[in-house]
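Summary of structural features
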Amino acid sequence: MSEWTFRPSGDAEDRFIIEGPFDGEDLYVRFGAYFPGNSRALLLPQGETPREIEWKDLKTIQLQAGDRLQLPGNPTSVGPLEHVMTRLLAEDGCPWDREQTPLSLLRYLLDESYEASEAIVAGDEAGLADELGDVLLQVVFHSAIAKTFSLADVVHGQVAKLIRRHPHVFSDEHWATASAVASQWEQLKTLDPPRTHAAEWVYPSLVWARRLGKRGILPTSNVFEAVSELLKVYIGNGEGKLEETLADAAWAVADVSRQYHQDAEWSLWTRLAFFSNGMNFS
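Comments concerning the packing of helix α9 (residues 205-214) against helix α12 (residues 264-277)
Across the interface, α9 lies against α12 with an axial gap of 9 Å and an inter-helix angle of 35 degrees. The crossing of α9 and α12 is left-handed. Along the contact surface, α9 presents Ser205, Leu206, Trp208, Ala209 and Leu212, while α12 presents Glu265, Leu268, Trp269, Leu272, Ala273, Ser276 and Asn277. Its residues assigned to classes, the contact of α9 with α12 shows 8 nonpolar, 3 polar and 1 charged.

Some thoughts on the packing of helix α2 (residues 79-89) against helix α5 (residues 125-145)
Between α2 and α5, the shortest axis-to-axis distance is 10 Å and the interhelical angle comes to 50 degrees. Relative to α5, the element α2 is oriented oblique. In this structure, α2 crosses over α5, and the sense of that crossing is right-handed. Contact residues: Leu81, Glu82, Met85 and Leu89 in α2; Leu136, Leu137, Val140, Phe141, Ala144 and Ile145 in α5. Here the contact of α2 with α5 is built from residues that sort into 9 nonpolar, no polar and 1 charged.

Concerning the pattern of salt bridges
Tallied over the entire structure, the rule returns 5 salt bridges. One salt bridge in this structure joins Glu52 and Arg40, with 3.3 Å as the shortest N-O distance. Pair noted here: Glu52 is in strand β5 (residues 51-54) and Arg40 is in strand β4 (residues 40-44), with a separation of 12 residues, a long-range link. Its relative accessible area of 41% is what places Arg40 among the partly exposed residues.

What about the confidence of the model for the chain?
Taken over all residues, the pLDDT of the chain has a mean of 85, while the share at 70 or more is 91%. Looking at the elements of the chain, mean pLDDT is at its lowest for strand β1 (residues 4-8), recorded as 56, and at its highest for α5, recorded as 96.

Thresholds, definitions, all that
- Residues numbered from 1 in each chain as written.
- Predicted model: local features only at pLDDT ≥ 70, side-chain atom pairs only at ≥ 80, totals over all residues.
- Heavy atoms only, no water.
- Axes fitted to C-alpha atoms, helices over the stretch in contact; angles between N-to-C directions.
- Helix = DSSP H or I, 4+ residues; strand = E, 2+ residues; numbered from the N terminus.
- Left-handed = near helix turned anticlockwise from the far one by under 90°.
- Contact = heavy atoms within 4.5 Å.
- Nonpolar A, V, L, I, M, F, W, Y, C, P; charged D, E, K, R; others polar.
- Parallel < 35°, antiparallel > 145°, perpendicular 65-115°, else oblique.
- Salt bridge = Lys/Arg side-chain N within 4 Å of Asp/Glu carboxyl O.
- Buried < 20%, exposed > 50% of the residue type's maximum accessible area, 1.4 Å probe, protein only.
- pLDDT = per-residue confidence, 0-100.

Okay, structure coming up:
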C-alpha cells in the first residue's frame with residue numbers, strides 16, 4: 001500500500017494523491033467510509049487522459065505503477081468531515097444547512113457542549129466519542145460559513161497559541177509543577193492581543209462575574225463588601241475545602257433568593273448587565 005502524498009495544485013488547494021500500484025478493492029476496504037459514495041475522485045492513469053469516478057466505484061479499479069488517484073478531499077483527521085460539510089453547503093446541497101448563520105447555530109454549539117459534558121460526568125466514554133463528534137461538527141460548520149477565516153486558520157491559530165503558552169515544553173523555560181504552569185498560563189494570556197467584550201451577556205452570570213472581576217469591575221455596595229469579607233474569614237479559618245466553601249455560599253444565595261421568590265441567576269445577570277453595558281431590566 002502506497003503512502004499518502006501531498007501535492008499542492010496550481011489553484012493552491014490541497015490535493016491528496018495515492019500512487020499505484022494498488023488494488024482499488026483493498027483501498028476501499030480501508031478508506032471507503034471516509035467519503036460519501038457519490039463523491040468524485042480523479043483517476044490519473046499514466047500516459048492516459050484523466051477521468052472522474054464515483055468514490056463508491058473505487059473497488060473496481062486496479063492501478064499500476066505510475067498511475068495515480070486524486071481523492072475527493074483531505075483524508076486525514078477532520079478532512080472527510082470538512083469534505084461532507086462543503087458538499088452540504090454547495091448550491092445543490094442541503095437547504096437547511098445553507099440557511100444557517102453563526103447566530104442561528106449558537107444554540108447547537110451550546111447544546112452539544114453541554115451534552116458532551118454530561119457524557120464526561122456520567123463516565124460514558126462511547127457517548128463522549130459521539131458527543132465530541134457533534135461538537136466537532138459545530139467547529140467545522142462555523143468555520144465553513146465564516147467570512148474571514150477558515151478551518152485551517154482555526155487550527156493554525158490554536159497550534160501557535162499552544163506553543164506560545166507552553167514555553168516550558170517548546171523552549172528553555174522550566175516550570176516544575178502544575179500550579180506553576182497555571183500561574184504562568186494566566187500571565188501569558190495577558191500578552192495576547194486584546195479582544196472586545198461586546199457580547200459577554202451570553203455567559204452564565206457567575207462566569208460573566210468572574211470575567212468582569214478580572215478586569216477590576218466590581219460593585220462597591222455594603223452587601224458586596226460584607227459578604228466578601230465574611231467569605232474570606234471562613235476561607236482563612238480553613239473551615240472545609242475552598243471549593244466547598246464557595247459552593248455552599250453560592251448555594252445559600254440561591255436558596256435565600258428562592259425563599260424570597262427571586263431568581264439568583266437572573267438577579268446577578270441583570271446586575272452585571274447594568275455594570276457592563278448600562279442595561280436596566282428593572
